[in-house]
Amino acid sequence: MLIRREADGDARAVHEVHARAFGDQDAPDRTPVEAPLVDELRAEGDLLPALSFVAIGGDGGVTGHVCCSRATLDGSDAGLVGLGPLGVRPELHRAGIGSALMYTILGAADALGVPAVVLLGEPAYYSRFGFVPAADHDVTAPDPSWGGYFQIRTLGAYRSEHSGAFRYAPAFERL
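These numbers come from a predicted model, not from an experiment.

Calculation rules
- Residues numbered from 1 in each chain as written.
- Predicted model: local features only at pLDDT ≥ 70, side-chain atom pairs only at ≥ 80, totals over all residues.
- Heavy atoms only, no water.
- Helix = DSSP H or I, 4+ residues; strand = E, 2+ residues; numbered from the N terminus.
- Rg over C-alpha atoms; globule rule 2.2 N^0.38 Å.
- Buried < 20%, exposed > 50% of the residue type's maximum accessible area, 1.4 Å probe, protein only.
- Axes fitted to C-alpha atoms, helices over the stretch in contact; angles between N-to-C directions.
- Parallel < 35°, antiparallel > 145°, perpendicular 65-115°, else oblique.
- Contact = heavy atoms within 4.5 Å.
- Nonpolar A, V, L, I, M, F, W, Y, C, P; charged D, E, K, R; others polar.
- Salt bridge = Lys/Arg side-chain N within 4 Å of Asp/Glu carboxyl O.
- Phe/Tyr/Trp six-rings, centres within 6.5 Å; stacked < 30°, edge-to-face > 60°.

### So, the overall build of the protein chain
Turning to step 1, where the next piece is worked out: Counting its secondary structure elements, the protein chain contains five helices and nine strands.
Turning to step 2, where the next piece is worked out: In terms of overall dimensions, the protein chain is globule-like: its C-alpha atoms have a radius of gyration of 15 Å, near the 16 Å expected for 175 residues.
Turning to step 3, where the next piece is worked out: Judged by the C-alpha coordinates and their principal axes, the protein chain covers about 45 × 35 × 30 Å.
Turning to step 4, where the next piece is worked out: The 175 residues of the protein chain split such that 42% are buried.

Written as structure tokens, this is what we have:
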């Protein structure tokens, strides 16, 4: 497996990875929101190219994808980013692809001076990467009902002033 930054020609394969990763086997004609979400983030300039990675399998095809997008904290750009979606082709789940993508994006975000990465996801999965409830760092979710599923991973540039109301890029708001 190779992890690399998403390239211009990867958009269709990335869409397909998320469509398959989040699709419903009982409703195969229904496109899950994660696939067009990435397309919208990219089209609106909110997907951060330096923080969009694909996993490439032995056949040269895209097997997974993770990205970060612009976000605001108390209405201004504090440098925090929203992570997601993270998707892996279903037949390759539990092969370490998701973990490799997570370690790659967190390392890249830290190297770029991003203070923290925020996400909405399963605590049992994301805690292994150092994510904790965002409320522990006084970062509030766009929706209070998200509770402990709204998480933060602080990085080297994090300071205690990085607190307040978090907002994802507009494409997330339309979900």
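### A word on the packing of helix α1 (residues 11–22) against helix α2 (residues 34–43)
Packed helices, taken two at a time, are described by the angle between their axes plus the distance between the axes.
Turning to step 1, where the next piece is worked out: Interaxial distance between α1 and α2 falls to 7 Å at its minimum, and their mutual angle equals 150°. On the basis of their axis angle, the class for α1 and α2 is roughly antiparallel. The residues of α2 that touch α1, namely those facing Ala-11, Val-14, His-15, His-18, Ala-19 and Phe-22, are Glu-34, Ala-35, Pro-36, Val-38, Asp-39 and Arg-42.
Turning to step 2, where the next piece is worked out: In terms of residue class, the contact of α1 with α2 is built from seven nonpolar, two polar and three charged.

### Regarding the pattern of salt bridges
Turning to step 1, where the next piece is worked out: With the rule as written, the count across this model stands at nine salt bridges.
Turning to step 2, where the next piece is worked out: Between Arg-4 and Asp-10 there is a salt bridge, with the nearest N and O atoms lying 2.7 Å from each other.
Turning to step 3, where the next piece is worked out: Take Arg-4: its relative accessible area is 29%, and that puts it in the partly exposed class.
Turning to step 4, where the next piece is worked out: We classify Asp-10 as buried; its relative accessible area is 8%.
Turning to step 5, where the next piece is worked out: Each of Glu-6, Asp-39 and Arg-42 takes part in a single network of salt bridges with overlapping partners.

### Some remarks on the environment of Asp-24
Turning to step 1, where the next piece is worked out: Relative to the helices and strands, Asp-24 is located in the loop between α1 and α2.
Turning to step 2, where the next piece is worked out: The exposure class of Asp-24 is partly exposed, given its relative accessible area of 34%.

### Some words on the packing of aromatic side chains
Turning to step 1, where the next piece is worked out: This model, assessed by the stated rule, comprises ten aromatic pairs.
Turning to step 2, where the next piece is worked out: Taken together, a centroid distance of 5.9 Å and an interplanar angle of 75° make the contact between Tyr-126 and Phe-131 edge-to-face. The same class applies to Tyr-126 and to Phe-131, which are both buried.
Turning to step 3, where the next piece is worked out: Relative to Tyr-168, the ring of Phe-150 lies with its centre 6.5 Å away and its plane at 80°, an arrangement referred to as edge-to-face. A residue pair is termed long-range when its members are at least 10 positions apart, and Phe-150 in strand β8 (residues 150–154) and Tyr-168 in strand β9 (residues 164–168) qualify at 18 residues.

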